[in-house]
Amino acid sequence: MPNIEAYGSDGGHGINGTDGSVGSNGPKGTKGDCPWEAGDTQPGKGSSGGDGTVGSNGTPGQPGANGTNILLRVTDFVLGIDVTTYGGRGGNSGNGGVGGQGGNGGAGGDRGDGGNITILAQTVTTGTVVANAQGGQGGFGGSAGQGGAKGDGGSGHPDGGEGNPGLNGITGNNGENGSDGSISIQEV
């Protein structure tokens, strides 16, 4: 009897998020009169630097396909048969982009379930089944994007403060593993 392969295909991987930009530098303070005397223009304070912009989130991985359910009807089950009908692996998600606040990693794709294998025979003699109906593995969640760098403060009297560094994103969840398919040989 020929071998049978009807397993599920793997899910596609997600796309990484795009990076955000680094914060802008603060403008310089106004220039004062030098040497300064009463009534002259005092030197101004430099402005604060800007915060980094947000990185975008990674896209989720695609789910893996389920294995196909297989039903074989034979008169006399004597020979051995190999049946492969495992579930496809879930795709890995994209990573979050770097930015003022890092983008979140996408969720990993869920797995495919293994297919069910059923053999119906009028008589079962010495037949064997080598079966792979395992559920596929879930995809890995994307890593968190790193927070963006803070912008420099503007020079002046006194200098402006730096912008705030960005927050890191959140790591994505892994996809769930698939269920194993059942294997059954019945004499009917």
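Quick notes on the rules
Residues numbered from 1 in each chain as written. Predicted model: local features only at pLDDT ≥ 70, side-chain atom pairs only at ≥ 80, totals over all residues. Heavy atoms only, no water. Helix = DSSP H or I, 4+ residues; strand = E, 2+ residues; numbered from the N terminus. Buried < 20%, exposed > 50% of the residue type's maximum accessible area, 1.4 Å probe, protein only. Contact = heavy atoms within 4.5 Å. Pairing = 2+ DSSP bridges. Axes fitted to C-alpha atoms, helices over the stretch in contact; angles between N-to-C directions. pLDDT = per-residue confidence, 0-100. Core = buried A, V, L, I, M, F, W, Y, C linked by side-chain atoms within 4.5 Å. Phe/Tyr/Trp six-rings, centres within 6.5 Å; stacked < 30°, edge-to-face > 60°.

Engineer: Give a description of the overall build of the chain that names residues and reports values.
Structural biologist: Scanning the chain from terminus to terminus reveals zero helices and six strands. When the helices and strands of the chain are placed in sequence order, the string is β-β-β-β-β-β. Looking at the chain residue by residue over its 188 residues, the buried ones come to 37%. The contacts in the chain between residues at least 6 apart in sequence include a share of 84% that link residues at least 24 apart.

Engineer: Could you give me a rundown of the sheet that holds strand β4 (residues 117-124), with the residues and numbers involved?
Structural biologist: One open sheet holds the three strands; their spatial order is β2-β4-β6, and the pairing between them is parallel. A strand with exactly one partner marks an edge of an open sheet, and here the two such strands are β2 (70-77) and β6 (183-187). On average, each strand axis in the sheet is tilted by 20° relative to the strand beside it, whichever way the strands run. Two elements, β2 and β4, share seven bridges in a ladder whose sense is parallel. From the neighbouring strand, F77 faces β4, where its bridge partner is V124.

Engineer: Tell me about the sheet that holds strand β3 (residues 81-84), and name the residues and values.
Structural biologist: Strand order in the open sheet formed by three strands is β1-β3-β5, and the pairing between neighbours is parallel. Pairing within the sheet leaves two strands with one partner each, and these edge strands are β1 (4-5) and β5 (129-132). By the bridge criterion, four bridges tie β3 to β5 in an arrangement that is parallel. Directly across from D82, in β5, lies its bridge partner V130.

Engineer: I'd love a proper account of the confidence of the model for the chain, names of residues and values included.
Structural biologist: Averaged over every residue, the pLDDT of the chain is 77; the share at 70 or more is 71%. When pLDDT is averaged over each element of the chain, β4 comes out on top at 83 and β5 at the bottom at 79.

Engineer: Explain the side chain of T84 residue by residue, including any values.
Structural biologist: Structurally, T84 is set in strand β3. Leaving out residues up to four positions away in the same chain, T84 has contacts with I4, E5, A6, Y7 and N132.

Engineer: Describe the side chain of T85, with residues and values.
Structural biologist: Note on placement: T85 falls in the loop between β3 and β4. With sequence-adjacent residues up to four places away left out, T85 is seen in contact with A6, Y7, G67, T68, I70, G114, G115, I117, N132 and A133.

Engineer: Just give me the short version of the nonpolar core, but keep the residues and values in it.
Structural biologist: Formed by A6, I70, L72, V74, F77, I81, V83, I117, I119, A121 and A133, the largest nonpolar core amounts to eleven residues. Broken down by secondary-structure element, the contributors of at least two residues to this core are β2, β3 and β4. With four residues, β2 is the largest single contributor of residues to this core.

Engineer: Residue-level account of the packing of aromatic side chains, with values.
Structural biologist: Geometry of an aromatic ring pair is reported as the spacing of the ring centres plus the angle between the planes. A full pass over the atoms with the stated rule returns one aromatic pair. Centre to centre, the rings of Y7 and Y86 are 4.7 Å apart; their planes meet at 5°, and the pair counts as stacked. In this pair, Y7 sits in the loop between β1 and β2 while Y86 sits in the loop between β3 and β4, placing the two residues 79 residues apart along the sequence. Given the relative accessible area of 41%, Y7 is considered partly exposed. Exposure remark for Y86: the relative accessible area of 27% places this residue in the partly exposed category.

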